[in-house]
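# Survey of secondary and tertiary structure
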Amino acid sequence: MIWIHPDPEAPSLQTWLQGIEAHLGPHRVSELVEHADTATSHDIQANWKLVVENYIDGYHLSHLHSTSLNMYDHKQQQSGFCGPHFHFYEPLAPDYAANVDKQSPLPVIDHFTPEKPLGAYVPMLFPCFGIGADESSWSIFQIIPLAVDKTRVITRTRVMPASDWSFWTQEWKSYSHYQKQTATKADKSNRDGQEDGDDPLASGDFMAEDIYVCEQQQKSLASPWYSVGAYASQQESAIREFHRQVLQAMKTATD
Ligand SMILES: [Fe+2]
């Protein structure tokens, strides 16, 4: 990846990112491999800041992703800011941790240490570059504003170098676990009267879930009944700080 700044007097990338490394996962990225078919591109009908807010909001994880991300212990999440950059960590859920070698959909990465244990390390480098690093993959989450109400998200993923056979057997081992999980949520949705198999909230796909709510939030901005409600004091506090950082950056740019 090549980083470019339009200002020739801009601080170096190292200076910009100073301090955040302590909060990143222990993944040795250069030792992981990228498979071309794991790259994704999604166009989302929402402002880029709504996508960032969704990414850094810890409160929605237990609700919106109650099935799709239930391998993590959301109550144990730890997050904060290092300068303008958001950092986040949460450990594996106890049941998943006890069986991760069987239930992980991909071979488990062996870079974790007692200081940086298994779990999800999910920072958002200000303003809009996310990294999703977990027990079996390391991904970039590049948020590209296209219009005031349209955003492209590109993901590229690296995994442990292993044979096709290893990936196939790992996928097979975890298949029954995930099949059961997805069916549970789909069944619930059907009980609620939704018969459409395309319902993103019954997909078991956290990306589809997030895209759906971002687009619903964008639509809500045009409602005459729109207003900002109460924030959760802890798990939504990152959104308040992100707003502050954006306002600060805009002020700096216009001074
Ligand atoms: Fe989400």
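Figured I'd write up the structure that's included with this text. All values reported here derive from a predicted model rather than from experimental measurement.

## Quick word on the coordination of the iron ion
- The coordination sphere of the iron ion, as far as protein atoms go, consists of H60 (NE2), H65 (NE2), D210 (OD) and D210 (OD), spread over 2.1 to 2.3 Å.
- Bound by 4 donor atoms, the iron ion shows angles of 59 to 158° at the metal and therefore irregular coordination geometry.
- Positions of the donor residues of the iron ion along the chain correspond to the pattern H-x4-H-x144-D.
- Taking relative accessible area as the criterion, H65 reaches 1% and is therefore assigned buried.

## Considerations on the pattern of salt bridges
- Within this structure, the stated rule accounts for 5 salt bridges.
- One salt bridge in this structure joins R156 and E34, with 2.9 Å as the shortest N-O distance. Taken as a pair, R156 in strand β9 (residues 150-159) and E34 in strand β1 (residues 33-34) lie far apart in primary sequence, 122 residues in all.
- The class of R156 is partly exposed, set by a relative accessible area of 43%.
- E34 sits in the partly exposed class, given a relative accessible area of 31%.
- Here E241 makes a salt bridge to R244, at a shortest N to O gap of 3.0 Å. Of this pair, E241 and R244 both sit in helix α8 (residues 237-254), separated by 3 residues, roughly a single helical turn.
- Owing to a relative accessible area of 19%, E241 belongs among the buried residues under this scheme.

## A closer look at the side chain of H111
- Take H111: it is sitting in the loop between α5 (100-103) and β5 (119-121).
- Reaching out from H111, the side chain makes a polar contact with the backbone nitrogen of R28 at a distance of 2.9 Å.
- Beyond its immediate chain neighbours, meaning those up to four positions away, H111 contacts P26, H27, R28, E31, L32 and M160.

## Structural notes on the environment of Y55
- Among the structural elements, Y55 can be located in helix α2 (residues 48-56).
- For the pair Y55 and D73, spaced 18 residues apart in sequence, the C-alpha separation works out to 17 Å.
- Not counting residues within four places of it along the chain, the set of residues in contact with Y55 comprises V122, P123, M124, G130, I131, G132 and F141.
- At 3.3 Å, the side chain of Y55 forms a polar contact with the backbone oxygen of P123.

## Looking at the nonpolar core
- In this structure, V52, I56 and I143 are the most contacted members of the largest nonpolar core, which totals 33 residues.
- Elements with a minimum of two residues in this core: α2, β4 (85-91), β8 (138-147), α7 (206-220) and α8.
- A per-element tally of this core places α2 first, with 6 residues.

Calculation criteria
Residues numbered from 1 in each chain as written. Predicted model: local features only at pLDDT ≥ 70, side-chain atom pairs only at ≥ 80, totals over all residues. Heavy atoms only, no water. Donors = N, O, S within 2.8 Å, 3.2 Å for Na, K, Ca; no water. Tetrahedral: all angles 85-135°; square planar, octahedral: opposite > 155°, others 65-115°. Buried < 20%, exposed > 50% of the residue type's maximum accessible area, 1.4 Å probe, protein only. Salt bridge = Lys/Arg side-chain N within 4 Å of Asp/Glu carboxyl O. Helix = DSSP H or I, 4+ residues; strand = E, 2+ residues; numbered from the N terminus. Polar contact = N/O pair within 3.5 Å; in protein donor to acceptor, adjacent residues only side chain to side chain. Contact = heavy atoms within 4.5 Å. Core = buried A, V, L, I, M, F, W, Y, C linked by side-chain atoms within 4.5 Å.

What is shown is where atoms sit, not what they do.
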